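Listed below, chain by chain, are the residues.
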Amino acid sequence: MSGTEARVAVVTGGAQGLGAAICLRLAKDGFDIAIVDLPTQKEAVEGLIRVIQTENAGRRAIAAYADVSSQADIQAMTDKVVAELGGIHVFVANAGICDAPIPFADSSIEDFDRQMSVNTRGTFLSLLAAAKVMIAQGKGGRLLAASSIAGLKGVGAQAGYSASKFAIRGIVQSAAAGLALYGITANAYCPGPTETPLLAAQRPQIAALANIPIEAVDSILPIPLGRIGQPEEVANVVSFLASPSSSYITGQSFAIDGGLNFS
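Residues numbered from 1 in each chain as written. Predicted model: local features only at pLDDT ≥ 70, side-chain atom pairs only at ≥ 80, totals over all residues. Heavy atoms only, no water.

Colleague: Where do I start with the overall build of the protein in this structure?
Modeller: When you go through the protein residue by residue, the secondary structure sums to 7 helices and 7 strands. The secondary structure elements of the protein, listed N-terminal to C-terminal, are β-α-β-α-β-α-β-α-β-α-β-α-α-β. Over its C-alpha trace the protein gives a radius of gyration of 18 Å, about what one expects of a compact globule, namely 18 Å for 263 residues. A buried classification covers 49% of the 263 residues belonging to the protein. Partitioning the contacts of the protein with sequence separation of at least 6, the portion at a separation of at least 24 is 72%. Just so you have it, the protein exposes about 11800 Å², and 57% of that area is on carbon and sulfur atoms. For the protein, the distance from the average site of its 18 positive side-chain charges to the average site of its 22 negative ones is 8 Å. (Helix = DSSP H or I, 4+ residues; strand = E, 2+ residues; numbered from the N terminus. Rg over C-alpha atoms; globule rule 2.2 N^0.38 Å. Buried < 20%, exposed > 50% of the residue type's maximum accessible area, 1.4 Å probe, protein only. Contact = heavy atoms within 4.5 Å. Areas by Shrake-Rupley, 256 points an atom, 1.4 Å probe, with all protein chains shown as cover. Lys, Arg positive; Asp, Glu negative; His and termini not counted. Charge placed at Lys NZ, Arg CZ, Asp CG, Glu CD.)

Colleague: Mind showing me how you'd approach the nonpolar core here?
Modeller: A general tendency of soluble globular proteins is for nonpolar side chains to be buried together. Counting residues in each nonpolar core, the largest one holds 35 residues, and the members touching the most others are Val 10, Met 77, Val 81, Phe 91, Leu 127 and Leu 143. Among the elements that take part in this core, helix α4 (residues 109-137) stands out by supplying 8 residues, more than any other. In contact with Val 81, not counting residues within four places along its chain, are Val 8, Val 10, Ala 34, Ile 62, Ala 64, Gly 86, Gly 87 and Ile 88. (Core = buried A, V, L, I, M, F, W, Y, C linked by side-chain atoms within 4.5 Å.)

Colleague: Just checking my understanding: could you explain the pairing of strand β2 (residues 31-37) for this structure?
Modeller: Consecutive side chains along a regular strand alternate between the two faces of the sheet. In terms of burial, β2 is a largely internal element, 7 of the 7 residues being buried. Burial along β2 is two-sided: the residues Phe 31, Ile 33, Ile 35 and Asp 37 and Asp 32, Ala 34 and Val 36 are all buried. Alignment of strand β1 (residues 7-12) against β2, held across 6 bridges, turns out to be parallel. Residue Val 8 lies in a different strand from β2, and its bridge partner there is Asp 32. In terms of handedness, the path from β1 via helix α1 (residues 17-28) over to β2 forms a crossover that is right-handed. For β2 and strand β3 (residues 61-65), the ladder comprises 5 bridges, and the chain directions are parallel. The partner of Ala 34 across the bridge, within β3, is Ile 62. Tracing the backbone out of β2, into helix α2 (residues 42-55) and back to the parallel element β3 gives a crossover that is right-handed. (Pairing = 2+ DSSP bridges. Right-handed = clockwise from strand over helix to strand, strands pointing away.)

Colleague: Help me understand the packing of aromatic side chains in this model?
Modeller: The geometry of an aromatic ring pair is captured by the separation of the ring centres together with the interplanar angle, meaning the angle of the planes. Applying the stated criterion to the full structure yields 0 aromatic pairs. Looking at Arg 7, its charged tip hangs above the ring of Phe 31, at a distance of 4.2 Å from the centre. (Phe/Tyr/Trp six-rings, centres within 6.5 Å; stacked < 30°, edge-to-face > 60°. Lys NZ or Arg CZ within 6 Å of the ring centre and 35° of its normal.)

Colleague: Looking at this model, I keep getting lost on helix α3 (residues 71-85). Mind explaining?
Modeller: Think of an α-helix as turning once every 3.6 residues; residues three or four places apart then point the same way. Here α3 spans 21 Å end to end across 15 residues, near enough to the 21 Å set by a 1.5 Å rise per residue. Every buried residue of α3 is accounted for by Ile 74, Met 77, Thr 78, Val 81 and Leu 85. Angular distribution of buried residues about the axis of α3 spans 95 degrees; they occupy a single face of the element. Exposed and oriented more than 90 degrees from the buried face of α3 are Ala 72 and Ala 83. In this structure, the buried side of α3 is in contact with β1, β2, β3, β4 (90-93) and α4. Positive backbone phi, approximately 100 degrees, marks Gly 86, located one or two places after α3. (Expected span 1.5 Å × (residues − 1). Arc of directions from axis to C-beta.)

Colleague: What am I meant to see in the sheet that holds β4 here?
Modeller: Backbone hydrogen bonds are what pair the strands of a sheet, in a parallel or an antiparallel way. As summarised here, the arrangement of the 7 strands in space is β3-β2-β1-β4-β5-β6-β7, forming an open sheet in which the pairing is parallel. Strands with a single pairing partner mark the edges of an open sheet, and in this sheet they are β3 and β7 (253-256). Going across the sheet, the axis of each strand differs from the next one's by a mean of 20 degrees, ignoring polarity. Pairing of strand β6 (residues 184-191) with β7, which is carried by 4 bridges, proceeds in the parallel orientation. Counted as the bridge partner of Cys 190 is Ala 255 from β7. (Axes fitted to C-alpha atoms, helices over the stretch in contact; angles between N-to-C directions.)

Colleague: Which parts of the structure should I look at to understand the pattern of salt bridges?
Modeller: As a working rule, side chains carrying opposite charge can pair if their charged atoms are close by. Taken as a whole and assessed by the stated rule, the structure comprises 8 salt bridges. Its salt-bridge partner being Asp 32, residue Arg 60 comes within 3.0 Å of it at the nearest N-O pair. Of the two residues, Arg 60 sits in the loop between α2 and β3 while Asp 32 sits in strand β2, which places them 28 residues apart along the sequence. Using a relative accessible area of 35% as the deciding quantity, one classes Arg 60 as partly exposed. Exposure remark for Asp 32: the relative accessible area of 2% places this residue in the buried category. Between Glu 233 and Arg 227 there is a salt bridge whose closest N-O contact spans 2.6 Å. Through salt bridges with shared partners, a single network forms among Asp 32, Arg 59 and Arg 60. (Salt bridge = Lys/Arg side-chain N within 4 Å of Asp/Glu carboxyl O.)

Okay, here's the thing in structure tokens:
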């Protein structure tokens with residue numbers, strides 16, 4: 001990726017939360033952005049496009065709606081990005097879901113299958129389609145995927161989510177090994193508790209499970225740095241992994257959790 005060549009980054013689950021922060025950071029870094037999300041997120045996507053274009057003169061941003069668990073949607077999405085923006089240089093498979101925390105013994109196969117479909121199948125389909133575009137371009141590329149600290153250490157109240165996020169790390173390692181000869185790297189980022197709409201929605205569920213007031217939820221998390229992370233802090237790591245500075249890093253998983261993973 002030369003300094004004068006247009007660079008294109010695709011971010012799935014890009015409408016809000018971590019995805020929106022990543023889109024904003026990569027646009028600041030000089031990428032044209034394809035924001036991928038469900039059609040139900042159209043208003044949020046269009047608002048984010050306006051912000052990107054206003055804050056980053058000359059940067060392009062487009063919407064590309066898709067259900068990441070659908071191979072047909074993913075193919076249509078990548079075709080649209082290539083047609084409208086000219087290629088794909090960085091692909092961030094950020095889309096994912098997380099069901100409410102429940103005791104392991106109360107887990108259901110329906111919840112498990114849904115999270116595996118969106119999180120794991122969606123990541124596999126996304127990285128596969130992006131890799132094919134990058135191989136055809138012949139200029140290398142960066143594949144990034146959202147795992148989680150729940151993909152580094154199993155969480156008893158989130159069996160399906162943990163399984164899906166462990167699997168994403170396996171996909172990333174396989175991609176890294178299989179695509180290195182094309183100059184394509186693959187890495188995962190593993191956020192801990194981060195101030196997003198997902199965490200906001202889960203606080204009442206965590207409080208009920210732990211039988212504590214909702215105001216006490218954050219305080220029971222043993223985070224050595226003593227606070228919840230911010231989306232921009234995750235986006236900073238993605239920015240590094242998308243940059244030339246990470247050219248000798250592949251197949252790795254990076255915890256962004258204030259030290260929670262080793263506490």
